[in-house]
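Fold and geometry: a report
The primary structure of each chain is shown beneath.
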Amino acid sequence: MGIYRKSALLSLLRLRLERDRGEDWQVLQSRDRGWFLTQASHSRWYLLREWLAEFGNTRAGGLSLPVLLINIAGFIAGFALVAGLLEFRSFERINLLWFLVLAVALPFIFWLLSLVIATGRGGFPLLALLEHRAPGWMQNATLFPLLRRTAVVLGQQVSLVFASGMLVAFVLYLLVTDLAFGWSSTLDISAVSLHKLTTILALPWQGLWPEAVPELALVEQSRYFRSAPTVIVAPAELGQWWRFLFMCMIVYVWLPRLVSYAWQRWMLAGMQSNCFESDALIGGWWQRLQSGSVSQQAEAVQQLGQAREITSTVERLPVCPHVVLWGTWQDEHWHPVKEALHVKIPEFQLYKVKDRKWRTTTIESVLQNPADTALIVCKGWEPPTGELADFCRAIESGTSARYLWPLPLAGMVPERVAALNRSWRAFIPTLPESFNLYAGQPDD
């Protein structure tokens, strides 16, 4: 699956999941898990594409042809630039200075500008136009950094194809025509000065390909004057410039674009994979597909008595020296909770449990002082899993209380929040008796 289509699928998925915010969690869990078990492949991107086709009534197709046409246009533009420079000959000599400016210097400067735009943290040109003119599936504020990175990768790819078109044109003209280069300027530029410039440009490859470094004699022989255009000394030598110009295009035009394209593509792939953990809605969807224990536990939980459920819910959050952040959180969701915790709890030690390694370290740290209370902050919009239950049992203490604080997403309707609270109340009786539920809000 192409990397551009993956970005489109992620944006479409999040738009679809935003419409599911008002649905009951148990209904979504039953639907998605049941669908997951019927799939022939459990590949992440395969599931994302097929799930959208099944429940989103859409497919992110039609991207291959536009991307191909854009790349073809870039290749033709690069080919035409070099072809025009090689075809325009003054006195049958290709102007060396024009070639260096238009085929080497300007593309290198444009590459630097694109790199600054790609790595800058602020906005980039035409940002507002891109936001308002983009298709509906791209107008997603949460995933806009991902879509921006996707646009940057596409731009770097087109730039690389443009440079490849330049090289192809140069090689073809080199094979089928007799190229003769020369230089001329109204300004008083000496051959020694130009030789110094070409020597500096040739520094990256002078040890690898010495023949591609122009000598002073070649620079002197290549100069011509309009007042004496017919004077040609050693005409066969005028074609030897091709090695130097070819290496200039490789080192200053094509190779930088190849490196920046590979780098930006690698960063985009990392952002796409990270969406399944850092984005709240997408992470919850993925967990619904992978978690098979929640729906199986639900029926047994409903049969438990209500006495424990009533006593295990607290209205006020007590002072907890240990605070455990369960899972991977986005900054926009975690910062309000962190500020609320500093108000409710003067001092606490924060543990972030992102994977098994962090889980083991946190268990050891909390159990060092078993008499201290501990608070586990969970994503209330995601189902309580068997891993969370195992972690709670691992930090069980007979001498102090433990608290679970499942937080809903900001902006959820009250009915949806109430349904989530009922699900977590049903989960508490499955844990040791020292665990309690806190259902308050960060702004309480």
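Refer to the structure above for everything that follows.
Bear in mind that the values here come from a model prediction, so they are computed numbers and not experimental data. (Residues numbered from 1 in each chain as written. Predicted model: local features only at pLDDT ≥ 70, side-chain atom pairs only at ≥ 80, totals over all residues. Heavy atoms only, no water.)

Some points on the overall build of the chain
Stated formally: What counts as a helix is a DSSP run of H or I of at least four residues, what counts as a strand is a run of E of at least two, and both are numbered from the N terminus. Burial status follows relative accessibility: with a 1.4 Å probe on protein chains alone, a residue under 20% of its type maximum counts as buried, one over 50% as exposed, and anything between as partly exposed. When checking whether two residues touch, look at their non-hydrogen atoms; a contact exists if any pair is within 4.5 Å. Shrake-Rupley sampling with a 1.4 Å probe provides the accessible areas, and residues are treated as covered by the protein chains on show and by no other component.
When helices and strands are tallied, the chain shows 17 helices and nine strands. When each of the 444 residues of the chain is scored for burial, the buried share is 47%. By sequence separation, contacts in the chain at least 24 residues apart represent 84% of the contacts at least 6 residues apart. Accessible area for the chain stands at about 22500 Å²; split by element, carbon and sulfur atoms hold 60% of it.

Section: the nonpolar core
Nonpolar side chains tend to gather and get buried jointly when the protein is soluble and globular. As a reminder of what qualifies: Definition of nonpolar core: a set of buried residues of the types Ala, Val, Leu, Ile, Met, Phe, Trp, Tyr and Cys, connected through side-chain atoms within 4.5 Å.
Judged by nonpolar contacts, the single largest core of 49 residues is most densely connected at Leu-10, Leu-48, Trp-285, Leu-341, Leu-375, Val-377 and Trp-405. Residue contributions to this core peak at seven residues, all from helix H1 (residues 3-19). The contacts of Val-377, once residues within four sequence positions are left out, are Val-323, Val-324, Leu-325, Trp-326, Trp-329, Val-337, Leu-341, Trp-405 and Leu-407. Core analysis: the second largest hydrophobic core is formed by 37 residues, Leu-96, Val-104, Trp-205 and Trp-241 among them.

Here we look at the pattern of salt bridges
Where we set the bar: Should a side-chain nitrogen of Lys or Arg be within 4 Å of a carboxyl oxygen of Asp or Glu, the pair is scored as a salt bridge.
Taken as a whole and judged by the stated rule, the model has seven salt bridges. Between Glu-18 and Arg-14 there is a salt bridge, and its shortest N-O distance comes to 2.5 Å. You can see Glu-18 and its partner Arg-14 sitting in helix H1, four residues apart, about one turn around the helix. What makes Glu-18 partly exposed here is its relative accessible area of 31%. Close ionic contact of Arg-31 with Asp-20 constitutes a salt bridge, the shortest N to O distance being 3.4 Å. Note that Arg-31 is positioned in helix H2 (residues 25-37) and Asp-20 in the loop between H1 and H2, a separation of eleven residues in sequence. Overall, Arg-31 belongs to the partly exposed group, its relative accessible area being 22%. Through salt bridges with shared partners, one network takes in Arg-16, Asp-20, Arg-31, Asp-32 and Arg-288.

Notes on helix H3 (residues 44-56)
Here H3 has its buried residues at Trp-45, Leu-47, Leu-48, Glu-50, Trp-51, Leu-52, Phe-55 and Gly-56. Buried-residue contacts for H3 involve H1, H2, helix H10 (241-278) and helix H11 (280-290).

Details of the packing of aromatic side chains
To be explicit about the condition: Aromatic pairs are defined between Phe, Tyr and Trp rings, using the six-membered ring for Trp, whenever the two ring centres lie within 6.5 Å; interplanar angles under 30 degrees are classed as stacked, those over 60 as edge-to-face, and all others as tilted. Lysine and arginine charges are scored as sitting over a ring when NZ or CZ, respectively, is within 6 Å of the ring centre and within 35 degrees of the ring normal.
Inspection of every chain in the model, using the stated rule, returns 19 aromatic pairs. Summarising the aromatic geometry, the rings of Trp-51 and Trp-285 are spaced 5.7 Å apart at their centres and angled 70° between planes, so their arrangement reads as edge-to-face. With Trp-51 in helix H3 and Trp-285 in helix H11, this residue pair connects regions lying 234 residues apart in the sequence. Pair check on accessibility: Trp-51 and Trp-285 agree, each one buried. Residues Phe-108 and Tyr-252 carry aromatic rings whose centres are separated by 6.1 Å and whose planes lie at 90° to one another, so their mutual orientation is edge-to-face. You can see Phe-108 sitting in helix H5 (residues 96-119) and its partner Tyr-252 sitting in helix H10, a full 144 residues away along the chain. Grouped by ring-pair contacts, the aromatic residues Trp-35, Trp-45, Trp-51, Phe-55, Phe-276, Trp-285 and Trp-286 constitute a single cluster. Positioned above the aromatic ring of Phe-55 is the side chain of Arg-31, whose terminal nitrogen or guanidinium carbon lies 4.7 Å from the ring centre. The aromatic ring of Phe-276 is capped on one face by Arg-44, whose charged end is 4.3 Å from the ring centroid.

A closer look at the sheet that holds strand E6 (residues 349-353)
Convention followed: Two strands pair under a simple rule: DSSP has to find at least two bridges between them.
Here we have six strands laid out as an open sheet, ordered E4-E9-E8-E7-E5-E6, and parallel in their pairing. Edge positions in the open sheet fall to strand E4 (313-314) and E6, since each of these has one partner strand only. Sheet topology note: the strand E5 (residues 322-326)/E6 ladder contains five bridges and is parallel. The partner of Leu-325 across the bridge, within E6, is Lys-352.

Some thoughts on the pairing of E5
Going by this rule: Crossover handedness is defined here as right-handed if the route from the first strand over the helix to the second strand goes clockwise, with the strands pointing away from the viewer.
Of all five residues in E5, five are buried, a share of seventy percent or more. Side chains His-322, Val-324 and Trp-326 project from E5 onto one buried face, and the interleaved Val-323 and Leu-325 project onto a second face that is buried too. Handedness of the crossover is the feature at issue here: the chain leaves E5, passes through helix H14 (residues 331-344), returns alongside E6, and the resulting connection is right-handed. In this sheet, strand E7 (residues 374-379) lies alongside E5 in parallel orientation, the contact comprising four bridges. By the bridge assignment, Val-324 is partnered in E7 with Ile-376.

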